Amino acid sequence: MAHPRPFRFGVQLSHAATAADWAELARKAEDLGYSSLLLPDHFGAQFAPGPALAAAAGATRELKVGTLVLDNDYRHPVVTAKEMATLDVLSGGRLELGIGAGWMASDYDQSGIPLDPAGVRVDRLAEGIAVLKGLFAPGPFSYAGSHYTIKDLDGQPKPVQEPHPRFILGGGAPRMLRLAAREADIVGINPALRSGRVDAEAARDGVAETTDRKVAWVREAAGERYADIEMNMLVLGTIITDDRTGTLESMAPMFGLSPEETAAFPHVWIGSTAQVAEDVIARRERWDVSYLVVQGAEAMEACAPIVAQLAGT
């Protein structure tokens, strides 16, 4: 590994039936040893990230709260800066700010927000990041870009974390990963979602050999700062089972992969607690990935023994 880091784990949650249930989920994540609670940013059946994260922070003591990830297209970066700085203040400096260029086609179709070509969205995101960092910094900030123009705006409030909350940027394509390598504190290695949905093409793009190339793009673009980057993966599926072989054989066709490819697929955990722990350790050795995020309350509980064994090691 270029920069061995201790493991930490997050959980991506999206909703609960009541405020009390949501607070209990946040407390449970903290009690089980998870480092962070993160929300996605879609228009379906999920809470709005800002209010939900504020509530989660208020129900916990040390749990980091964050976005995985905000869609830059859905809100102006001046608005994002104010909301996220406020959240950092209210959480006592526990915010992790994940932001992306947008990908889910159904969100754009249903909302009427134009889904611009990927290159335009990444250009706009790069400008958005510059605006966010400028507004988080001391004093007035001006910016003149193709997508945003800011004139002598002193972003308020300022975040507690200096110079800014830790940025999470991720992706599966070269340009996005190179932007992340230059700008992010945490870089997520993801399957490319070129069709705007999770499909067989995305699964093929997430296999182990392709992940090798993605990490190489990050390493090359980051240069000397690579040692300061925390590498991250979202775990898209977790099946804790003593029948690893049978589960792989039944699950592989769903991904359009062979059982062997599925066993090595970085974004799923399949096997017993001991087998998955071995996989996670081996994947850190291969890809430097030490920050793993599981999805959903059921996975949070099922994977708790793995978190207990590996967190901080």
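This write-up is about the structure you can find in this document.

## A look at the pairing of strand β5 (residues 95-100)
Here is step 1: Across the six residues of β5, six count as buried, placing the element largely inside the fold.
Here is step 2: What you see with β5 is no split at all: L95, L97 and I99 on one side and E96, G98 and G100 on the other are buried throughout.
Here is step 3: Across two bridges, strand β3 (residues 64-67) lies against β5 in parallel orientation. Its bridge partner lying in β5, G66 is registered against E96.
Here is step 4: Here strand β4 (residues 70-71) pairs with β5 via two bridges, running parallel. Directly across from D71, in β5, lies its bridge partner G100.
Here is step 5: Read from β4 through helix α3 (residues 77-90) to β5, the crossover connection turns out right-handed.
Here is step 6: Across three bridges, β5 lies against strand β8 (residues 166-171) in parallel orientation. Along β8, the bridge assignment pairs E96 with R166.

## Structural notes on the packing of helix α5 (residues 118-136) against helix α6 (residues 174-183)
Here is step 1: Close contact between α5 and α6 brings their axes to 11 Å; oriented N to C, the two are set at 10 degrees. The angle between the axes of α5 and α6 places the two elements in the roughly parallel class. From α5, G119, V122, D123, L125, A126, I129 and K133 reach across to α6, where they touch R175, M176, L179 and E183.

## Quick word on the side chain of R94
Here is step 1: Mapped onto the elements of the fold, R94 is located in the loop between α3 and β5.
Here is step 2: In this structure R94 is buried but unpaired, with E30 as the nearest side chain of opposite charge at 5.0 Å.
Here is step 3: In this structure the side chain of R94 is engaged in a polar contact, spanning 2.8 Å, whose partner is the backbone oxygen of A57.
Here is step 4: Excluding residues that lie within four positions of it along the chain, R94 makes contacts with A57, T60, R61, E62, L63, K64, V65, D88 and Q161.

Thresholds applied
- Residues numbered from 1 in each chain as written.
- Predicted model: local features only at pLDDT ≥ 70, side-chain atom pairs only at ≥ 80, totals over all residues.
- Heavy atoms only, no water.
- Buried < 20%, exposed > 50% of the residue type's maximum accessible area, 1.4 Å probe, protein only.
- Helix = DSSP H or I, 4+ residues; strand = E, 2+ residues; numbered from the N terminus.
- Pairing = 2+ DSSP bridges.
- Right-handed = clockwise from strand over helix to strand, strands pointing away.
- Axes fitted to C-alpha atoms, helices over the stretch in contact; angles between N-to-C directions.
- Parallel < 35°, antiparallel > 145°, perpendicular 65-115°, else oblique.
- Contact = heavy atoms within 4.5 Å.
- Lys, Arg positive; Asp, Glu negative; His and termini not counted.
- Salt bridge = Lys/Arg side-chain N within 4 Å of Asp/Glu carboxyl O.
- Polar contact = N/O pair within 3.5 Å; in protein donor to acceptor, adjacent residues only side chain to side chain.

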